[in-house]
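Okay, here's what each chain looks like letter by letter:
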Amino acid sequence: MMHAHTITIHRAMRYLVPLLLVCGLGCETIVDVDPPAHTPQLVAQGVFAPDSEWAVRVMQTVPFTAEEGSIPVEDATVEVFVDDARVAALAPSDSGTYVGPATTLLPGQRLTLRVAAPEAAPVEGTDTVPIAPPIADFADQRTASAASRRVVRQLGLTLDDPADSAQQYGLFIAQLRVEETRSTGQFKLLDPTVFPFESDEPAFGNALLRLLDDDTPTYRGAFFTDEHFDGQRHTLDLRLQYDLPNPANDVVIHRAFALVVLSASDHFYRYWQTANEQLVSGASPFSEPLRVHSNMDNGVGIFAGVQYRILPLDLDATTPADLDLPDWCTALPTDVVPTFALCSSSSM
C-alpha cells in the first residue's frame, strides 16, 4: 500500500521537474550549507609479516573543506601487543611514519596495534598472523623464438591448500630492469615495476587488463580465495611474454623477474579488495562512494598480517653474467604492498 507522504512526493515531482528544466536555462539558486563540526580522527596503517621490521603510518583526518588531505601525526605513541604483552614500541621516523626492529611472530598469534596522540581519541586494531604460503612446487618453462626474440614463460605454482579453513592468497610478478649502453659499458638500474601476466585460472575472477591477447585474461596482480580448491593440491598456471634485447641496438634493457606469493589475513584481503575497487570506481563520475575496509576502532585504517615468499626466475641467456642486481627484498615495487620494502630474511 502506498503511503500518503509517497503520493505527496510524487505529485510534487510533477511540478518540480518542469521547474528544474526551466531553471537549467538561466535560474541560479545559492544555498548556504553549514557543515557539521569536524572531530579529528587518527588514521593508522600498518601491515606486518613474521620477522619483518615494523612500519606504521599515522595521520589525522581534516575537514572535508580543507584543501589538503590527512596530515601526518608526529607525536603519537605507537605500540604493538601480542595478547596483553607489549612486543614493540615504535619510534618516529619521518612524515608520520613509526618504525621498529623485527619481532618473531608465529602463525595464529593475535596482534593488536594501539595508537594514541594528543590531537584525537586513541585507536586500536587487531589481526592474526596468517600461515606461510603453502607452496608445494614451482615450475618455470621457457620457449623463445630466435626470429622474433619473443620469450614465453609458462609458470606453474602448486599450492597445498589446508583443509577446514578459509585461506586468502595473492600473487604478482615483480620486474627489475637494467639499461645497458654497450658503447660505454655503463649500466643503469631502472625503477622496479609490476609485470602483467596471463592466466585462465577461474579463482582469479575478473581480469583487470587485457593487454597481451584479447582471448586471454591479463592481470597486473591477483588476490583470491581458496573457494575453488579448498583443502586440495592445486596448480595455478601463469604465462608472461616479453622480448629479448636486440643485439643491433646500442642501448638495451635487461630484465629480471620474480614471482611474489602471499598468504593474507581476512582483514588484509578485504582491505586490498576495497582499495582496488575504490581506485577503479573513483575514475567514474557515476560510481557510488566505496568505503575502504578498516579494522581500527575509534578511527580508520588497517592493521593486517601477511606472509610471503619471493621466487626469482632464472635470468635469460642474453643477460650479462656479471650484472649487478639488487636484493629482491629491497627492490620490490613498494606501490603494490608498501611494507615489502621491509623484507624478512625468511622471505626467499
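Conventions used here
- Residues numbered from 1 in each chain as written.
- Predicted model: local features only at pLDDT ≥ 70, side-chain atom pairs only at ≥ 80, totals over all residues.
- Heavy atoms only, no water.
- Helix = DSSP H or I, 4+ residues; strand = E, 2+ residues; numbered from the N terminus.
- Buried < 20%, exposed > 50% of the residue type's maximum accessible area, 1.4 Å probe, protein only.
- Contact = heavy atoms within 4.5 Å.
- Areas by Shrake-Rupley, 256 points an atom, 1.4 Å probe, with all protein chains shown as cover.
- Patch = residues over 30% accessible without salt bridge, like charges linked within 9 Å, V, L, I, M, F, W, Y side chains within 5 Å.
- Salt bridge = Lys/Arg side-chain N within 4 Å of Asp/Glu carboxyl O.
- Lys, Arg positive; Asp, Glu negative; His and termini not counted.
- Charge placed at Lys NZ, Arg CZ, Asp CG, Glu CD.
- Core = buried A, V, L, I, M, F, W, Y, C linked by side-chain atoms within 4.5 Å.
- Polar contact = N/O pair within 3.5 Å; in protein donor to acceptor, adjacent residues only side chain to side chain.
- Pairing = 2+ DSSP bridges.
- Phe/Tyr/Trp six-rings, centres within 6.5 Å; stacked < 30°, edge-to-face > 60°.
- Lys NZ or Arg CZ within 6 Å of the ring centre and 35° of its normal.
- pLDDT = per-residue confidence, 0-100.

### Comments concerning the overall build of the protein chain
Piece 1. The helix and strand tally for the protein chain stands at 3 helices and 20 strands.
Piece 2. Counting all 348 residues of the protein chain, 40% fall into the buried class.
Piece 3. Intrachain contacts of the protein chain at a sequence separation of at least 6 include 66% that bridge at least 24 residues.
Piece 4. Carbon and sulfur atoms provide 52% of the accessible area of the protein chain, an area that totals close to 19,400 Å².

### A look at a negative patch on the surface
Piece 1. Among the surface-exposed residues, Glu74, Asp75, Asp94 and Glu119 lie close enough to one another that they form a single negatively charged patch.
Piece 2. With respect to the helices and strands, the residue Glu74 is situated in the loop between strand E3 (71–72) and strand E4 (77–82).

### Describing the nonpolar core
Piece 1. If you look at the biggest cluster of nonpolar residues, it comprises 25 residues, and the most contacted ones within it are Leu171, Phe204 and Phe224.
Piece 2. Secondary-structure elements contributing two or more residues to this core are strand E10 (150–160), strand E11 (168–181), strand E16 (222–225), strand E17 (233–243) and strand E18 (251–264).
Piece 3. Those residues within four positions of Phe224 in sequence are excluded, and the remaining contacts are Gln167, Gln168, Tyr169, Gly170, Leu171, Ala203, Phe204, Phe229, Leu236 and Tyr269.

### Quick notes on the pattern of salt bridges
Piece 1. Considering all chains together, one arrives at 8 salt bridges under this definition.
Piece 2. Asp140 is the partner of Arg153 in a salt bridge, and the nearest nitrogen-oxygen pair spans 2.5 Å. Within this pair, whereas Arg153 is found in strand E10, its partner Asp140 is found in strand E9 (residues 135–144), the two being separated by 13 residues in sequence.

### Details of unusual backbone geometry
Note: most peptide bonds trans; most residues except glycine with negative phi.
Piece 1. One non-glycine residue, Asp83, lies in positive phi territory at about 60°.
Piece 2. Along the chain, the position of Asp83 falls in the loop between E4 and strand E5 (85–92).
Piece 3. Using a relative accessible area of 57% as the deciding quantity, one classes Asp83 as exposed.
Piece 4. Within the chain, Asp164 stands out as a residue other than glycine whose phi angle is a positive 65°.

### A word on the side chain of His254
Piece 1. In this fold, His254 is placed in strand E18.
Piece 2. Of the polar contacts made by the side chain of His254, one reaches the side chain of Glu180; its length is 2.6 Å.
Piece 3. The contact partners of His254, leaving out residues within four places of it in the chain, are Leu176, Arg177, Val178, Glu180, Phe187, Pro245, Thr318, Thr319, Pro320 and Leu323.

### With respect to the pairing of strand E1 (residues 42–48)
Piece 1. Most of E1 sits inside the fold, with 6 of its 7 residues counted as buried.
Piece 2. Relative to strand E2 (residues 54–60), E1 is paired through 5 bridges, and the arrangement is antiparallel. Bridged to Gln45 within E2 is Arg57.
Piece 3. Note that E1 and strand E20 (residues 300–312) share 6 bridges and pair parallel. Its bridge partner lying in E20, Val43 is registered against Val300.

### Considerations on the packing of aromatic side chains
Piece 1. Taken as a whole and judged by the stated rule, the model has 15 aromatic pairs.
Piece 2. Between the aromatic rings of Phe195 and Tyr242, the centroid separation amounts to 6.5 Å while the plane-to-plane angle is 90°, which identifies the pairing as edge-to-face. Note that Phe195 is positioned in strand E13 (residues 193–195) and Tyr242 in strand E17, a separation of 47 residues in sequence.
Piece 3. By relative accessible area, Phe195 is classed as buried at 10%.
Piece 4. Note on Tyr242: relative accessible area 3%, which makes it buried.
Piece 5. Their ring planes at 75° and their centres at 6.2 Å tell us that Phe197 and Phe204 sit as a pair that is edge-to-face. Phe204 carries the same exposure label as Phe197, and that label is buried.
Piece 6. Positioned above the aromatic ring of Phe81, the side-chain terminus of Arg114 is 4.3 Å from the ring centre.

### Section: the pairing of strand E7 (residues 110–117)
Piece 1. As judged from the 6 bridges shared by E4 and E7, these two strands associate in the antiparallel manner. The residue of E7 that forms the bridge with Val82 is Leu111.
Piece 2. Joining the antiparallel neighbours E7 and strand E8 (residues 120–128) is a turn of 2 residues.

### Focus on the confidence of the model for the protein chain
In low-pLDDT regions, the fine details of the predicted coordinates are not to be read closely.
Piece 1. In the predicted model, the protein chain carries a mean pLDDT of 82, and 77% of its residues have values of at least 70.
Piece 2. Per-residue pLDDT stays below 50 along residues 1–25; that stretch engages in 4 contacts with residues further than four places along the chain or on separate chains.
Piece 3. Contacts of residues 338–342 to residues separated by more than four positions or lying in other chains number 14 contacts, the stretch itself having pLDDT below 50.

### Description of the environment of Tyr98
Piece 1. Within the fold, Tyr98 resides in strand E6 (residues 97–100).
Piece 2. Residues Tyr98 and Val78, 20 residues apart in the sequence, show an inter-C-alpha distance of 7.3 Å.
Piece 3. Looking at Tyr98, its side chain comes within polar contact range of the main-chain oxygen of Val73, at 2.8 Å.
Piece 4. Among the polar contacts made by the side chain of Tyr98, one reaches the main-chain amide nitrogen of Ala76 at a distance of 2.9 Å.

### Quick notes on the environment of Ala136
Piece 1. Mapped onto the fold, Ala136 is located in strand E9.
Piece 2. Taking the relative accessible area as the measure of exposure, Ala136 reaches 34% and is therefore partly exposed.
Piece 3. Sequence separation between Ala136 and Thr158 is 22 residues; the distance between their C-alpha atoms is 5.4 Å.
Piece 4. Once residues within four sequence positions are removed from consideration, Ala136 is found in contact with Thr158, Leu159, Asp160 and Arg233.

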